[in-house]
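# Structural characterization, general
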Protein chains: 4
Amino acid sequence: MTAPAARRGRPRSEDADERILQAAHELLLQRGYDRFAMDEAAVRAGVAKTTLYRRWPTKDHLLVALVAKIQDEVPVADTGDVRRDLVVYLTAVAGGLNRMRRVGRTAGDDPSAGVVAELVAAAARHPDVGEAVRALFARRNTLPLALLDRARERGELRADSSSAVLFDQLAGALYYRLLVTGEPIGPAYVAELVDQVLAGAGTATPNPERT
Amino acid sequence: MTAPAARRGRPRSEDADERILQAAHELLLQRGYDRFAMDEAAVRAGVAKTTLYRRWPTKDHLLVALVAKIQDEVPVADTGDVRRDLVVYLTAVAGGLNRMRRVGRTAGDDPSAGVVAELVAAAARHPDVGEAVRALFARRNTLPLALLDRARERGELRADSSSAVLFDQLAGALYYRLLVTGEPIGPAYVAELVDQVLAGAGTATPNPERT
Amino acid sequence: MTAPAARRGRPRSEDADERILQAAHELLLQRGYDRFAMDEAAVRAGVAKTTLYRRWPTKDHLLVALVAKIQDEVPVADTGDVRRDLVVYLTAVAGGLNRMRRVGRTAGDDPSAGVVAELVAAAARHPDVGEAVRALFARRNTLPLALLDRARERGELRADSSSAVLFDQLAGALYYRLLVTGEPIGPAYVAELVDQVLAGAGTATPNPERT
Amino acid sequence: MTAPAARRGRPRSEDADERILQAAHELLLQRGYDRFAMDEAAVRAGVAKTTLYRRWPTKDHLLVALVAKIQDEVPVADTGDVRRDLVVYLTAVAGGLNRMRRVGRTAGDDPSAGVVAELVAAAARHPDVGEAVRALFARRNTLPLALLDRARERGELRADSSSAVLFDQLAGALYYRLLVTGEPIGPAYVAELVDQVLAGAGTATPNPERT
DNA sequence: TCCTAAACGAGACGGTACGTCAAGTCTTCTG
DNA sequence: CAGAAGACTTGACGTACCGTCTCGTTTAGGA
C-alpha cells in the first residue's frame with residue numbers, strides 16, 4: 001500500500017499551517033467573509049502568499065477548510081427522550097448560527113457578515129468547494145440523524161416517517177430564518193419547532209409547559 | 001393628502017429603467033451572479049454606468065431589485081384541500097429554485113451560479129439589501145401563510161399549530177436542500193415533506209399512493 | 001447701425017452674472033483650478049448649471065473670463081525715469097503672480113494651484129480660449145509697451161532696441177520663474193532684472209544703491 | 001558604501017518600463033496631453049494598468065517622467081563666441097518648443113495640445129511633480145549657465161552681470177511667447193533676443209546683418 | 001391684457017477616465 | 001524543493017466631473 005514515497009526537498013512547515021489558520025480565524029472574525037483579504041491573512045500569519053496558495057487553491061477553499069475546522073463539534077446526547085435531545089441539540093446549533101450572524105459586524109463600520117451565506121455562495125461557485133461543504137454538513141448531521149433513527153426504533157417516531165425529511169424540517173427552518181427571513185432564532189422558537197415536528201412524527205403529547 | 005409634490009428637474013427615464021432591468025436579466029442568466037459586470041449591463045442597456053448607479057448604489061442592490069421584480073408571482077390556489085394546495089404551491093417554488101440552480105452554468109466553462117446563494121450573501125453584506133430581501137420574502141410569503149390560516153379556520157389544521165412555524169418547516173426544507181446539502185428537490189420530496197408536516201399539524205390522512 | 005433687434009423673451013439676469021462670478025471667484029481661491037467644479041460653482045451662486053453654460057460654454061471659458069475680470073489693472077506711471085517706472089510696474093506684476101501661486105494651497109490638504117499654469121493649458125486646449133488669453137495679455141501689456149516706446153523717444157533707450165523684445169525679457173523672466181523653475185520673485189530680483197535689461201537697451205548707469 | 005542590499009522579491013521588469021515609456025511616448029504624440037488615457041497606454045504597452053500605477057502614482061507623474069526622459073539633451077558647444085553659442089543653443093530649444101506646440105493637433109479634429117503648458121499645470125497640481133520638473137530644468141540648464149560663466153571669465157560678459165538673470169531673460173522670453181502670447185519663435189526672434197541681451201551684458205558688437 | 005419666446009431651476013443623462021482593490025500567478029533569491 | 005518577498009495580470013468596481021437634455025416655471029415685451 002502506497003509507500004511513504006520518500007519526500008524530496010524541504011518539507012512543508014506544519015508551523016505555517018497553524019499560524020495561517022490562526023491568523024485567518026482572527027481575520028475572519030474581524031472582517032467577515034468578503035472583506036477578508038488573502039494578502040492580509042498572509043501578512044498576519046507572517047507567511048508568504050505563495051505558502052497560502054500552495055495549501056489552498058482559493059480563498060473560498062481556505063475559508064471552507066477553516067470553518068470546517070473551527071466548527072465546534074455539537075455534542076449529541078441520547079437520553080431516550082427525543083424531544084428533549086432535539087431541543088438541546090438544536091439550541092446548540094442555533095447558538096452557533098446566531099454567533100455567525102454577528103461576525104464582522106463592527107459597530108459603526110459598515111459591516112460585512114453572513115459567513116454562512118458566503119460559504120453557501122462559495123459552494124455554488126466551485127464544484128469542489130460545494131462537495132467539501134456538503135461533506136462537512138453530512139458529517140455534522142450524522143449524529144442527529146442517528147438520534148432520530150434510534151428514536152424510531154424505540155417507537156417514539158412513526159415507522160413510516162423519514163429521518164432525513166424530519167431533519168430537513170428542523171435544520172431547514174433554522175437556516176431559513178438565518179439566511180432568508182432574518183427572524184430571530186430563540187429558545188422559544190426552537191421548542192415550538194420541535195413540538196410541531198414531533199407532533200407529526202408520532203410522539204403523543206407535546207410538552208405543555210413551554211413559553 | 002399626499003399632494004402631487006410638483007416634480008422638479010428632469011424626471012427619471014422609465015425607459016431606461018426597463019432597458020436596464022431587461023439587459024441585467026439577460027446578463028444574469030448568461031453569466032450568473034459573480035461574472036455579471038455592471039459595465040456590461042450598462043453597455044447592453046445602452047445606458048451610462050452612472051445611470052445604473054444613480055438608481056442602485058451597488059451591483060448587489062441592482063441584482064436584488066432585479067430578482068425581486070422577476071420573481072414570478074407564485075400563484076396560490078385555495079381549493080379547500082390544504083395538502084393539495086401546498087403541494088401545488090411548493091412544487092412551483094421548487095421549480096423556481098431548481099431553475100435558479102442552473103443559472104450561469106455554461107457547459108464546458110467553469111461556471112458561477114447559485115443566484116439564490118449570492119443573493120443571500122449580498123443580503124448579509126449590506127444591511128439595506130438585507131431589509132429589501134426580507135421585505136421581498138415577507139411579501140412573497142403572505143399568500144401561503146394566509147392559506148394555512150384559512151385551513152386552520154376550516155379545521156384542517158390543529159388550532160394550536162403556528163402557520164409561521166409550519167411554513168418555516170416547508171420552505172426551510174427546500175432552501176436547506178438548495179443551499180446547504182445540495183440534494184435534489186423533486187416532486188416526490190415535496191409530497192413527502194407536505195405529508196410529514198401535515199401529519200403533525202392536521203388530521204388529514206396522508207395520501208397513500210405517492211411514490 | 002445694428003438696430004437693437006428687439007429682444008424677445010425673458011432677458012438674462014444680470015444679477016445671476018454677478019452672483020456667478022462672485023461665487024466662482026471664491027471657489028477658485030479656495031480650491032484652485034482643477035478642483036474647481038462647475039456643479040459647486042452653480043450651487044454656490046444659487047443658480048442652475050444651465051445658467052452657467054448659457055453664458056460660458058466651458059469651465060475653461062468661465063475661468064478665463066473670471067481671471068480677465070479680476071485682473072487688477074496694474075497702473076503704469078510714466079515719471080520720465082524708465083528704470084524706476086519699470087521696477088514699480090514689475091513689482092506690482094510680481095506681487096500678483098506670487099499671490100496666484102498660493103491660490104488653492106490649503107495647508108494640510110493636498111493642494112492644487114497654479115491658476116496661471118492651468119489658464120495657459122486651457123489656452124492650449126481651446127483655440128478660442130487661447131485667443132481670449134492672448135487678447136487679455138495684449139490689452140494688459142499695452143501700457144508698459146507704450147512706456148518703453150516713450151522712453152525710447154526720450155532717448156533713454158537705444159533707437160534700434162525693440163520694445164516687444166525688451167518686454168518679453170522682463171515679463172518672460174518673471175513667468176519663467178513662476179511657471180517653470182519655481183524660484184522666488186522678490187524685489188531684489190526685479191531690480192536686478194531691470195538693471196540688466198536696461199544696461200543693454202541704452203541707459204548709462206545702473207542704479208548702484210540696490211541690495 | 002551603499003551595499004547591494006540584496007534585493008528581495010521579484011524585481012521590477014525593466015522590459016515593462018521600456019515598453020510603457022515607449023507606448024506612452026507614441027500615445028502622447030498622437031493624442032496630446034489631456035486625451036492621453038492611462039488605460040490605453042497600458043493596453044498598448046501590453047501591461048496591466050496596475051503596473052503603470054506601481055511606477056507612477058498618477059498620469060501627471062508618468063508624463064512628466066516621460067518628458068524628462070525624451071528631453072533630448074540639447075548640446076551646448078562652447079566655441080569661445082558667446083553670441084554664436086547662445087544662438088545655436090536657443091535655436092535648438094526653440095525648435096523643441098515649437099515641436100511641442102504641434103503635438104496632438106490632429107488636422108480636422110479639435111485637438112488638445114500644449115504639452116508644455118499641461119506639464120507646467122501638472123507641476124502646479126502636485127508638489128512632488130513640481131519638484132521633479134524643477135529638478136529637470138535645473139539639470140537641463142546647468143550647461144548653458146556654465147557657458148555664460150565661462151564667457152564672463154573670458155571677459156565677454158560684464159563682471160557684474162548675473163548668469164542666472166541673463167538666462168532667465170533668454171529662456172523666459174521663449175517660454176513666455178510659447179505659453180502666454182503665442183507669438184512665433186523663429187530664428188530672427190532668437191537672434192534679436194540674444195543681441196539685445198548681450199548688448200547689456202557684454203561688449204560684443206551686435207551682428208548687424210540680421211533680418 | 002394676454003401671448004409667446006426665452007431664461008431659469010432642478011436634476012437626470014451620456015460619456016470618459018480615473019485611481020483602486022483583491023485574486024491568483026510568476027519570478028527571484030535564500031535556506 | 002519550500003518559503004519569503006513582492007512584481008505581475010486580470011477584471012471589475014465605484015467615483016468624479018463635464019457638458020447636454022428635459023422637464024416645469026418665471027418673466028418680460030409685443031400684439
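The shown structure was predicted, so the numbers you read here are calculated from the model rather than taken from an experiment. Starting from 1, residues in each chain are numbered consecutively following that chain's sequence as written. Chains and ligands are labelled sequentially in the order written, the chains with letters from A and the ligands with numbers from 1. Side-chain atom pairs in this predicted model are given and counted only at pLDDT of 80 or more, local residue features only at pLDDT of at least 70, and totals for whole chains, interfaces and linings cover all residues. Hydrogens and water molecules were not included; the side-chain quantities draw on all heavy atoms of the structure.

## Focus: the interface of chain C and chain D
Residue-level contacts link 43 residues of chain C with 42 residues of chain D. Buried area is calculated as the accessible area (1.4 Å probe) missing from two parts once they are joined, with the contributions of both summed. Summed over both sides, the interface of chain C with chain D buries roughly 3600 Å², with 58% coming from carbon and sulfur. Salt bridge, as used here: a side-chain nitrogen of Lys or Arg that lies within 4 Å of a carboxyl oxygen of Asp or Glu. Viewed at the interface, chain D and chain C are joined by four salt bridges. When the shortest N-O distance is used, the salt bridge between Asp168(C) and Arg177(D) registers 3.0 Å. Pairs of N or O atoms are called polar contacts if they sit within 3.5 Å, as long as, within protein, a hydrogen donor faces a hydrogen acceptor (for residues adjacent in sequence, only side-chain-to-side-chain pairs). Scanning the region where chain C abuts chain D turns up 10 residue pairs in polar contact (both at pLDDT 80 or more). Under the scheme used here, helices are H or I runs from DSSP no shorter than 4 residues and strands are E runs no shorter than 2 residues, and both carry numbers assigned from the N terminus. Counting residues per element, the side of chain C that touches chain D draws most heavily on helix H8 (residues 163-181) of chain C, which supplies 14 residues. Note on residue categories: nonpolar means Ala, Val, Leu, Ile, Met, Phe, Trp, Tyr, Cys or Pro, charged means Asp, Glu, Lys or Arg, and polar means any other residue, Gly included. Residues of the side of chain C that touches chain D, tallied by class, amount to 22 nonpolar, 11 polar and 10 charged. We call two residues in contact when some of their heavy atoms are within 4.5 Å.

## Observations regarding the relation of the copies chain A and chain B
Mapping between the two chain copies consists of a rotation about an axis together with a translation along that axis. We place the copies in one frame by least squares, fitting the C-alpha atoms of every residue whose pLDDT is at least 70 in both. Overlay of chain A on chain B (RMSD 0.4 Å): rotation 178°, translation along the axis 0.0 Å. Such a turn and shift between the copies fits a two-fold axis. If distances are taken from each C-alpha of chain A to the rotation axis, the shortest is found for Gly200(A), at 1.2 Å. Taken as a fraction of all interface residues of chain A, those also at the interface in chain B reach 98%, which identifies the copy contact as same-surface.

## Details of the protein's contact with DNA strand E
If you check the shell around DNA strand E, you find 45 residues, and the closest are Gly9(B), Ser13(B), Thr51(B), Arg55(B) and Ser13(C). Taking the atoms of DNA strand E that fall within 4 Å of the protein, sugar and phosphate contribute 61% of them. Contacts to DNA strand E include Ser13(B), whose backbone N or O atom sits 2.7 Å from a phosphate oxygen. Note that a phosphate oxygen of DNA strand E is positioned 2.9 Å from one of the side-chain N or O atoms of Arg55(C). At the level of elements, helix H3 (49-55) of chain A, helix H3 (49-55) of chain B, helix H3 (49-55) of chain C together with helix H2 (38-45) and helix H3 (49-55) of chain D are the ones that each hand at least two residues to the surface near DNA strand E. Class assignment of the residues belonging to the surface near DNA strand E gives a composition of 14 nonpolar, 12 polar and 19 charged. The rule for a residue being near a molecule or strand is that one of its heavy atoms must lie within 4 Å of it.

## A short note on the confidence of the model for chain A
Reading fine detail from the predicted coordinates is not recommended where pLDDT is low. Residue and element names in this part refer to chain A. A residue's pLDDT is the predictor's confidence in that residue, given on a scale from 0 to 100. For chain A, per-residue confidence averages 84 on the pLDDT scale, and 84% of positions sit at 70 or higher. For chain A, the element scoring lowest by mean pLDDT is helix H5 (residues 82-102), at 88; helix H2 (residues 38-45) scores highest, at 95. Of the regions scoring below 50 in pLDDT, residues 1-6 engages in zero contacts with residues more than four places distant in sequence or in other chains. Note that pLDDT drops below 50 for residues 107-113; the model gives that stretch 25 contacts with residues more than four away or on any other chain.

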